[in-house]
Amino acid sequence: MKEKKTGSILLRTLTITALMAPALRLLPGRSAQLAGGACWISVLAAAPALVLTAWFLSEFLKNRGPGEGLAEMLRRALGGAGGAVTVLLSLWLLFYCGFILRSGADRFVATVYPGASPLFFSVAMTLSVLPAILGPIKTLMRAARLFWPVVAAVLGTLIVLALAQADYSKLLPVTFADTVPILSGAVPVIEVTATVMTLACFLESGSKKEPGRFGSWARWLIAPLVILLALTAAVIGSFGAELTARLSYPFFALTRAMRVFGSVEHFEALAAAVWVLPDYVLVSALLAAASRTLMTTLGYVRPSREPKLYDMKNGRFIIPLCAAGALLASAFIAPDAKSLKFFSETLIPYLNMGVIFILLPLCLAVGKIRKKI
C-alpha cells in the first residue's frame, strides 16, 4: 500500500510541476482578456469543471490492470478502432510538445536573450530530455519531486512580494454582470489544468493502481488552484486588467518591477531560469507518453527489466523519433509573434479542449456501453 501511495504522489508531483509551464504562459493574461479585473474569480469558477474532469478520467482508469494506462484502456474500450485513436492521441501529444518547445524558447528570447534564435533553445531542451525519456518513468517522477520544491519556493516568494505591493482596488468591484466574463475567463484555467491531468493518465501505466483515485485527484486540485488564484490576484493587483491583457508574459513582466526594501529588483532572469524545470518535466512527460503509446499500439511489449538508455530494441527507436518529430514541429510552428499568439490563444486551446472534453468522453461512453472498461 505504501508503494502504491508513493507512486501516486510522485505522479501528482510531476503533474503540478508540469502545469506551471503552460499556466505561466497563458495565465493570467488570457483570463484578463476574457474576464477583465474579475479574472481572479475565474480560477474558482474553473473548479467544478476540473473536478468533473478528475471524475471521468478516474472512471476511465477505474478497472485498469497492472501496467495499463489511458492508452491501454482506450484500446480496450474501442476494440479495433482503439489503435487508430491512440495513434491520433500520440500525434496530439507530439504536436503539443512541439508547441511547448516553441513557446518555451520564445519566453527565453522575450525575457532574457532578445534577438536569439528560438530554435537554439528548442534543440537544447530536446537533447537535454532524451536521457529522461529513454529511462524509466519513475526516474522522471523522482526528478519532478526534486524540482517542485525549487519551483514552489521561487514562485511562492515572488507571489508574496507581489501581493504585498498590490493595489487590491484593481480586483474590485465584481458584480452579477461579470458572471459571463468570469465563466469565459475560467476556460484557459480549465484547458491548461485538464491537459496535464490527462497527460498524467497516459503515464499511469508506470504506477500501481491507486484506490480512491478520484478523491485523491480532486484534493490535488486545491494546490494548483490556490497557486493560480494567488498568481492572478498578484498580477492584476500590480498591473490592472487592461495592461495584463496586453502583456505577452504578465508574470515575467511582474518580476522586472519587484520592490524589495524600497528598491526595484529585477528577478526575470531568475524566474526564466527556474522555469526551465517545469518545461523540462512537461516536455519529457509529453514525449514519454507519446512514444510509449505508439510502442504499445504497434504491438511492442514492455520488457520486464528496464533496458539500458542506448538500447533501441523492442520498439525503443520510436522514442528518439518522437523527440525528433516534436523538434521538427517546433521549428515550423509559429514563425512570428502573431502566429504564436494564434497558436497559444486559439488553436492549441481548442485542440486540447476538443480532445479532452469531446473525444475522450465519447470513448468512455463507448467503453461503458460495450462493458469493456
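In what follows, the structure referred to is the one given above.
The rules behind each value
Residues numbered from 1 in each chain as written. Predicted model: local features only at pLDDT ≥ 70, side-chain atom pairs only at ≥ 80, totals over all residues. Heavy atoms only, no water. Helix = DSSP H or I, 4+ residues; strand = E, 2+ residues; numbered from the N terminus. Expected span 1.5 Å × (residues − 1). Buried < 20%, exposed > 50% of the residue type's maximum accessible area, 1.4 Å probe, protein only. Contact = heavy atoms within 4.5 Å. Core = buried A, V, L, I, M, F, W, Y, C linked by side-chain atoms within 4.5 Å. Salt bridge = Lys/Arg side-chain N within 4 Å of Asp/Glu carboxyl O.

Peer 1: Account for helix α4 (residues 47-61), naming residues and giving values.
Peer 2: Between its first and last C-alpha atoms α4 spans 21 Å; for 15 residues at 1.5 Å apiece the expected length is 21 Å, and the two agree. Residues L50, T53, A54, F56, L57, S58, E59, F60 and L61 constitute the buried set of α4. The inward-facing, buried residues of α4 contact α5 (70-78), α9 (179-203), α10 (213-220), α11 (222-239) and α17 (337-369).

Peer 1: Now, about the environment of L328: what can you tell me, with residues and values included?
Peer 2: You can see L328 is positioned in helix α16 (residues 318-332). Overall, L328 belongs to the exposed group, its relative accessible area being 52%.

Peer 1: Residues and numbers for the nonpolar core, please.
Peer 2: Ranked by internal contacts, the top residues of the largest apolar core, which has 113 residues, are M20, F60, W275 and L287. Looking at which element gives the most residues to this core, the answer is helix α15 (residues 276-297), with 13 residues. Sequence-distant contacts of L287, defined by excluding residues within four places in its chain, comprise L94, C97, V129, I133, C322, A323 and A326.

Peer 1: So, the pattern of salt bridges: which residues are in play, and what are the values?
Peer 2: Applying the stated criterion across every chain yields a total of ten salt bridges. With a closest N to O distance of 3.4 Å, K62 and E59 form a salt bridge. Where R246 meets E242, a salt bridge forms, and the shortest distance between an N and an O atom there is 3.5 Å. Taken together, the residues R246 and E242, both in helix α12 (residues 241-246) and four residues apart, mark about one turn of the helix. The exposure class of E242 is exposed, given its relative accessible area of 63%.

Peer 1: Quick rundown of the side chain of D279? Include the residues and the values.
Peer 2: Here D279 is to be found in helix α15. Judged by its relative accessible area of 6%, D279 falls in the buried class. Dropping the residues within four chain positions of it, D279 is found in contact with A21, G104, R107 and M125.

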